[in-house]
Amino acid sequence: VPLDDGELLWLQPQGDGESRAQQALKAAEFLDRALGLAGVSVWRIDLATRRIHFNAVGFRVMGMVQDPLGIPLDTMRETIHPEDREAVVRAADEALASDRVVDVVARYRNHDDNWRTLLTRRVAVRDADGRASGLAGVSLDLSAQMAERQRAETLKERARLVAEALGAGFWQREVDTGMLYWDEGLCRLYGRDPGAGPIPYAEWLHVCVHEQDRAWVAERLQQAELRWEPMVELLFRATDGPDGRPRWVQSWTRRVVRDGRRVAFGMHLDVTGRRLEQLESQRERQRAEIALDAAGIGVWERGRDGRLVYWNDAMYRLRGLDRSDPRSLDELARACTHPD
């Protein structure tokens, strides 16, 4: 049967084929299911009646009962967060005044008084004379993504506060492209103006690492990168501070492959105070050992179970023994003690 548009419509007996209406109905059902799976709501605003009409997904997203007559536009806009309402109205006006697609992200109140974040996209619908008769649009629920982003921002802020409290700095480097990032904490640690950007890796070795540690730090990091070691921890001296005192830095480097790209990132922590305390403690211990050794005083330690767990060198010398003796300390003590 020839149609007005010049196409041919083939009529077939029932059961051997489908009519255009049936095909269109199936296509509409398929599209509706696809939109439902994607969580996309479709809507249109009739300017004459000032009512908004949703597909099934739209009613479900908004927590409203389906109404074939639509919902009054003013009622719908009452559910928009007060801080976002003006932006939504402005987006509608912009779309009606042009042929552009206008997007806006806004919060809408649910039936449980919580807020749902939607990305809405609208375009003007025009009649044969070009006059705007309404708006057609789609909405995508971004609530889960926004909640995840908020959690990530919260964790990021907590990490920043912890890093500032510890005096830590973070960096990241794209190994293949050489792209480098330093945060403000790392810039402060090495006296770098954040506005000047990060110090290139080779320059960092010569500018920020103490000359007595520079060679072994460079060798260790080079070997780690060649072998692509997943984790490297280093303790080295940085260049002296403004007061001329030595500074110590603890660093952790992590290496991963992301989407085929080799990425290295890590953290530097100023541990000067802790390291100086450790060195001073070691020196005090060495002084005590020298004094005990010079006086020929033996030092021993026995556990709560009664077993000997430590002898210093003088304990061996006082008994004419050598530290390399394979016998246990308890055996040595019995062997060197008079039976009486």
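Thresholds applied
Residues numbered from 1 in each chain as written. Predicted model: local features only at pLDDT ≥ 70, side-chain atom pairs only at ≥ 80, totals over all residues. Heavy atoms only, no water. Core = buried A, V, L, I, M, F, W, Y, C linked by side-chain atoms within 4.5 Å. Buried < 20%, exposed > 50% of the residue type's maximum accessible area, 1.4 Å probe, protein only. Helix = DSSP H or I, 4+ residues; strand = E, 2+ residues; numbered from the N terminus. Contact = heavy atoms within 4.5 Å. Salt bridge = Lys/Arg side-chain N within 4 Å of Asp/Glu carboxyl O. Phe/Tyr/Trp six-rings, centres within 6.5 Å; stacked < 30°, edge-to-face > 60°.

S.K.: Explanation requested: the nonpolar core in the structure shown.
M.R.: The tendency in soluble globular proteins is for nonpolar side chains to be buried as a group. With 22 residues, the main nonpolar core has Trp182, Tyr190, Trp204, Val217 and Phe236 as its most contacted residues. Those elements that provide at least two residues to this core are helix 6 (184-189), helix 7 (201-208), helix 8 (214-227) and strand 9 (231-238). The element best represented in this core is strand 9, accounting for four residues. With residues up to four places along the chain from it excluded, the contact list for Tyr190 reads Trp182, Trp204, Cys208, Phe236, Ala238, Arg247, Val249 and His268. Core analysis: the next-biggest nonpolar cluster, separate from the first, contains 19 residues, Ile45, Val88, Ala91 and Ala124 among them.

S.K.: Mind showing me how you'd approach the environment of Val249 here?
M.R.: Relative to the helices and strands, Val249 is located in strand 10 (residues 247-258). Apart from residues lying up to four places away in sequence, Val249 is in contact with Leu189, Tyr190, Leu234, Leu235, Phe236, Ala238, His268, Leu269 and Val271.

S.K.: Whenever I open this one, the pattern of salt bridges confuses me. Can you help?
M.R.: Here the structure, examined in full by the defined rule, presents 23 salt bridges. Close ionic contact of Arg126 with Asp99 constitutes a salt bridge, the shortest N to O distance being 3.1 Å. Of this pair, Arg126 sits in strand 5 (residues 115-126) while Asp99 sits in the loop between helix 4 (82-96) and strand 4 (102-109), and the two are 27 residues apart along the sequence. The exposure class assigned to Asp99 is exposed, which follows from its relative accessible area of 64%.

S.K.: What's the story with the packing of aromatic side chains in this structure? I'm lost.
M.R.: Here the distance between the centres and the angle between the planes together describe a pair of aromatic rings. Enumeration according to the criterion identifies five aromatic pairs in this entry. Ring geometry for Tyr201 against Trp204: centres 6.2 Å apart, planes inclined by 20 degrees, an arrangement best described as stacked. Remark: Trp204 and Tyr201 occur in helix 7; sequence separation between them is three residues, near one turn of the helix. For Trp204, a relative accessible area of 6% translates into the label buried. For the pair Trp204 and Phe236, a centre-to-centre distance of 5.9 Å together with 85 degrees between the ring planes defines the contact as edge-to-face. Taken as a pair, Trp204 in helix 7 and Phe236 in strand 9 lie far apart in primary sequence, 32 residues in all. Here Phe236 falls in the buried class, since its relative accessible area comes to 1%. A network of ring pairs unites the aromatic residues Trp182, Tyr190, Tyr201, Trp204 and Phe236 as a single cluster.

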